[in-house]
Amino acid sequence: VAGHFIGSRQAVRTETILKTLMFNKALRLSAASRGAFGVGNVLTRMSVDVQRVSDLIPWLHYSYSPFLMLGVALSMLVTQVRLALVFGLAVVLVMMPLAAVVIAKSYALEEVLMKRRDERTKLMSEILRAAKGV
């Protein structure tokens with residue numbers, strides 16, 4: 001729990017830094033770049049990347065800790081109940097591909113969400129341009 005809290009705090013700090021850099025970069029875009037893609041489109045894509053990075057940071061310690069926990073659990077199972085080791089290992093091995101499928105589906109849904117954000121951003125900038133014209 002403490003590791004996740006420290007990671008979450010670091011994620012907020014990192015997200016703040018990256019968003020500041022992102023908006024400073026957006027302010028320095030040339031007119032050709034703004035015209036080719038639109039500031040809203042560029043900012044949406046960059047903010048999605050920033051969000052992915054900041055979402056990753058609290059979970060980084062989980063890249064090594066499951067192996068450590070699995071090793072401890074398996075060694076305890078070996079010493080206590082030998083047959084349970086086989087079933088516990090089977091459950092872990094069955095759940096790994098299932099987790100991969102869920103993660104792939106999550107990324108696919110995020111792509112759909114990003115496309116819809118782009119459409120919304122384009123629509124809002126069109127509305128704002130039309131309002132300026134009136």
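Note that the coordinates shown come from a computational prediction; the quantities given were computed from them, not determined experimentally. (Residues numbered from 1 in each chain as written. Predicted model: local features only at pLDDT ≥ 70, side-chain atom pairs only at ≥ 80, totals over all residues. Heavy atoms only, no water.)

## A short note on the overall build of the chain
Threshold: Elements are defined by DSSP. Helices are runs of H or I of four residues or more, strands are runs of E of two residues or more, and each kind is numbered from the N terminus. Here's how the labels work: a residue is buried when its accessible area is under 20% of the maximum for its type, exposed when over 50%, partly exposed in between, all with a 1.4 Å probe on protein chains only. Two residues qualify as a contact provided that any one of their heavy atoms is within 4.5 Å of a heavy atom in the partner residue. Method for areas: the Shrake-Rupley scheme with a 1.4 Å probe, in which residue coverage is limited to the protein chains shown. The positive count covers Lys and Arg only, the negative count covers Asp and Glu only, and His and the chain ends enter neither. By convention, the point assigned to a charge is CZ for Arg, NZ for Lys, CD for Glu and CG for Asp.
Across its full length, the chain holds five helices and zero strands. Mapped from its N terminus to its C terminus, the chain presents α and β elements in the order α-α-α-α-α. The principal-axis extent of the C-alpha atoms belonging to the chain is close to 75 × 30 × 20 Å. Buried positions account for 14% of the 134 residues belonging to the chain. Within the chain, contacts between residues separated by at least 24 positions form 77% of all contacts whose residues are at least 6 apart in sequence. Per element, the accessible surface of the chain, about 10400 Å² overall, is 71% carbon and sulfur. Of note, the chain has its 17 positive side-chain charges centred 4 Å away from the centre of its 8 negative side-chain charges.

## What about the packing of helix α4 (residues 65–80) against helix α5 (residues 82–133)?
Two quantities define a packed helix pair, namely the angle between the axes and the distance from one axis to the other. Condition: Axis definition: a line fit to C-alpha positions, over the contact stretch in the case of helices; interaxial angles, taken between N-to-C directions, run 0 to 180 degrees. Any angle between 65 and 115 degrees counts as roughly perpendicular, while under 35 counts as roughly parallel, over 145 as roughly antiparallel, and the rest as oblique. The hand of a helix crossing depends on one turn: near helix anticlockwise from the far one by less than a right angle means left-handed, and clockwise means right-handed. The classification used treats Ala, Val, Leu, Ile, Met, Phe, Trp, Tyr, Cys and Pro as nonpolar, Asp, Glu, Lys and Arg as charged, and all other residues, Gly among them, as polar.
Look at α4 against α5: their axes get within 6 Å of each other, and the N-to-C directions meet at 150°. Between α4 and α5, the crossing angle belongs to the class labelled roughly antiparallel. For the pair α4 and α5, the crossing hand works out as right-handed. Across from L70, L74, L77, V78 and Q80 in α4, the residues of α5 making contact are R82, A84, L85, L89 and V92. Within the contact of α4 with α5, the residues separate by chemical class into eight nonpolar, one polar and one charged.

## Focus: the environment of T14
Along the chain, the position of T14 falls in helix α1 (residues 2–27). Between the C-alpha atom of T14 and that of I57, which follows or precedes it by 43 residues, the distance is 8.6 Å. Beyond its immediate chain neighbours, meaning those up to four positions away, T14 contacts V53 and I57.

## Structural notes on the confidence of the model for the chain
Note the following rule: For every residue, the predictor assigns a confidence score, pLDDT, that lies between 0 and 100.
Confidence in the prediction of the chain, expressed as mean pLDDT, is 84, and 99% of residues score 70 or more. Across the chain, element-level confidence peaks in α5 with a mean pLDDT of 89 and bottoms out in helix α2 (residues 31–37) with 74.

## Here we look at the pattern of salt bridges
Basically, it comes down to this: Criterion for a salt bridge: a side-chain nitrogen of Lys or Arg within 4 Å of a carboxyl oxygen of Asp or Glu.
Tallied over the full model, the rule gives three salt bridges. Between K19 and E15 there is a salt bridge whose closest N-O contact spans 3.1 Å. Here E15 and K19 lie together in helix α1, a separation of four residues that amounts to about one turn. Given a relative accessible area of 29%, K19 falls into the partly exposed group. Across the pair E110 and R52 runs a salt bridge whose closest N-O atoms are separated by 3.1 Å. With E110 in helix α5 and R52 in helix α3 (residues 39–56), the pair connects residues that are 58 residues apart, well separated along the chain. Each of R52, E110 and E111 takes part in a single network of salt bridges with overlapping partners.

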